[in-house]
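Take a look at the letters that make up each chain.
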Amino acid sequence: MTADGLAVDRLAAGYGAAPVLQQVALRCAPGQLVAVLGSNGAGKSTLMKAIAGLVRPSSGSVVLDGTDLAGLDAPAVARHGLVMVPEGRALFTGMTVWDNLLVGAYLYRRDRARIREQLDRVVTLFPRLGERRVQDVGTLSGGEQQMVALGRALMGRPRILLLDEPSLGLAPVVFQSLLEEIAKLRTSGTGVVLVEQNVRSTLRYADYAYLLQRGRVVAEGTAAEIGRHDLVESSYLAGGT
């Protein structure tokens, strides 16, 4: 294991006395797109929350660039460079696009030069956000709102970006376009862990993938290997999704 990137080992977590994750291991190197696949109830969202500090692990480690973050709260985890875009986006719909983006810069809110640099980066990636900068987020389309959620996360300059079901509520063609933008993040060295049920589209862009069932990793490999796995072919690809 190298010191760079994200290394999750033997992670267990749940809610109260109800265990959800059991001995989960996962890796994401800088500039890599890693997919986490599985059906509803497999533990994907719990895994993301445990990594991001929203759910406290009962055991195991979450190491980012050599530092174990397991047990830290979400703001502390974010300060170390690990940022999550939750399922449902959690945007401030009564605020403008620009104000939502600025929320993502709260860790360095007094550094105007750095904020400007990150705003320029986000608008370069998502030009539409520059066009909609003074528009209330609640009036945007679903795809545009997802761009705002991604842009807000990128304002924190994450080393690793966690994305939980970004396709939720999006038409397939919109999600396809969004995936293309997500894949571009790799060129800047940002690692991406993507939880998604849209398996076929996701595997086109992923470098590596994990399959979760009942809180355990039951298969892992390159995107091509996982695409050929019997469990994936029979459970997720048979219908052409």
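These numbers come from a predicted model, not from an experiment. (Residues numbered from 1 in each chain as written. Predicted model: local features only at pLDDT ≥ 70, side-chain atom pairs only at ≥ 80, totals over all residues. Heavy atoms only, no water.)

*Asks:* Explain the overall build of the protein chain residue by residue, including any values.
*Replies:* Scanning the protein chain from terminus to terminus reveals 10 helices and 10 strands. A compact globule built from 241 residues should have a C-alpha radius of gyration of about 18 Å, and the protein chain, at 17 Å, falls within 12% of that. Over its C-alpha atoms, taken along the principal directions, the protein chain stretches across nearly 45 × 40 × 35 Å. Looking at the protein chain as a whole, 49% of its 241 residues qualify as buried. In the protein chain, once contacts between residues fewer than 6 apart in sequence are set aside, the share between residues at least 24 apart is 68%. Roughly 10900 Å² of accessible area belongs to the protein chain as shown, and the carbon and sulfur atoms make up 50% of that amount. Across the protein chain, 26 positive and 23 negative side-chain charges occur, with their mean positions spaced 4 Å apart. (Helix = DSSP H or I, 4+ residues; strand = E, 2+ residues; numbered from the N terminus. Rg over C-alpha atoms; globule rule 2.2 N^0.38 Å. Buried < 20%, exposed > 50% of the residue type's maximum accessible area, 1.4 Å probe, protein only. Contact = heavy atoms within 4.5 Å. Areas by Shrake-Rupley, 256 points an atom, 1.4 Å probe, with all protein chains shown as cover. Lys, Arg positive; Asp, Glu negative; His and termini not counted. Charge placed at Lys NZ, Arg CZ, Asp CG, Glu CD.)

*Asks:* I'd like to hear about unusual backbone geometry, residue by residue, with values.
*Replies:* Despite not being glycine, Asp65 shows a phi value in the positive range, around 50°. Mapped onto the elements, Asp65 comes out in the loop between strand 4 (59-64) and strand 5 (67-68). Of note, Arg214 is a non-glycine position whose phi angle comes to about 50°, a positive value. Tracing the chain through its elements places Arg214 in the loop between strand 9 (208-213) and strand 10 (216-222).

*Asks:* Could you give an account of the pattern of salt bridges, with specific residues and numbers?
*Replies:* Per the counting criterion, the structure on display carries eight salt bridges. We note a salt bridge from Glu144 to Arg128, for which the minimum N-O separation is 3.8 Å. Within this pair, whereas Glu144 is found in helix 6 (residues 142-154), its partner Arg128 is found in helix 5 (residues 127-131), the two being separated by 16 residues in sequence. For Glu181, the salt bridge identified is with Lys184, shortest N-O distance 3.2 Å. Taken together, the residues span about one helical turn, with Glu181 and Lys184 both in helix 7 (residues 172-184) at a distance of three residues. Classification of Glu181 by relative accessible area gives buried; the value is 15%. Taken together, the shared-partner salt bridges connect Arg128, Glu131, Arg132 and Glu144 into one network. (Salt bridge = Lys/Arg side-chain N within 4 Å of Asp/Glu carboxyl O.)

*Asks:* Provide a residue-level description of the packing of aromatic side chains, including the pertinent values.
*Replies:* What the rule picks out here adds up to one aromatic pair. Here the basic side chain of Arg133 rests over the ring of Trp98, its NZ or CZ set 4.1 Å away from the ring centre. (Phe/Tyr/Trp six-rings, centres within 6.5 Å; stacked < 30°, edge-to-face > 60°. Lys NZ or Arg CZ within 6 Å of the ring centre and 35° of its normal.)

*Asks:* Kindly report on the sheet that holds strand 8 (residues 191-195), identifying the contributing residues and their values.
*Replies:* Taken in spatial order, the six strands line up as 6-7-8-3-9-10 in an open sheet, and their pairing is mixed. The sheet is open, and its two borders are formed by strand 6 (82-85) and strand 10, each paired with just one other strand. Pairs of neighbouring strands in the sheet enclose a mean axial angle of 15°, with direction left out of account. Across six bridges, strand 9 lies against strand 10 in antiparallel orientation. Across the sheet, residue Tyr210 finds its bridge partner in strand 10, namely Glu220. Against the sheet, helix 1 (residues 44-52) touches strand 3 (33-37), strand 6, strand 7 (160-164), strand 8 and strand 9, its axis set at about 150° to strand 7. (Pairing = 2+ DSSP bridges. Axes fitted to C-alpha atoms, helices over the stretch in contact; angles between N-to-C directions.)

*Asks:* Give a detailed account of the environment of Thr124, specifying residues and quantitative values.
*Replies:* Tracing the chain through its elements places Thr124 in helix 4 (residues 112-125). Here Thr124 falls in the exposed class, since its relative accessible area comes to 64%. At 2.7 Å, the side chain of Thr124 and the backbone oxygen of Asp120 are in polar contact. (Polar contact = N/O pair within 3.5 Å; in protein donor to acceptor, adjacent residues only side chain to side chain.)

*Asks:* Pulling in residues and values, what's your account of the layout of surface pockets?
*Replies:* Quantified by volume, the largest pocket comes out at close to 440 Å³. Taken together, 21 residues make up the lining of the largest pocket; nearest its centre are Ala78, Val83, Met84, Tyr106 and Arg152. Secondary-structure elements contributing two or more residues to the lining of the largest pocket are helix 2 (74-79), strand 6 and helix 6. The class makeup of the residues in the lining of the largest pocket is 18 nonpolar, two polar and one charged. (1 Å grid on protein atoms, 1.4 Å probe; cavity = no way out; pocket = protein on both sides within 12 Å on 5 of 7 lines; lining within 4 Å. Points joined across faces, edges and corners; volume = space filled by probe spheres on them. Nonpolar A, V, L, I, M, F, W, Y, C, P; charged D, E, K, R; others polar.)

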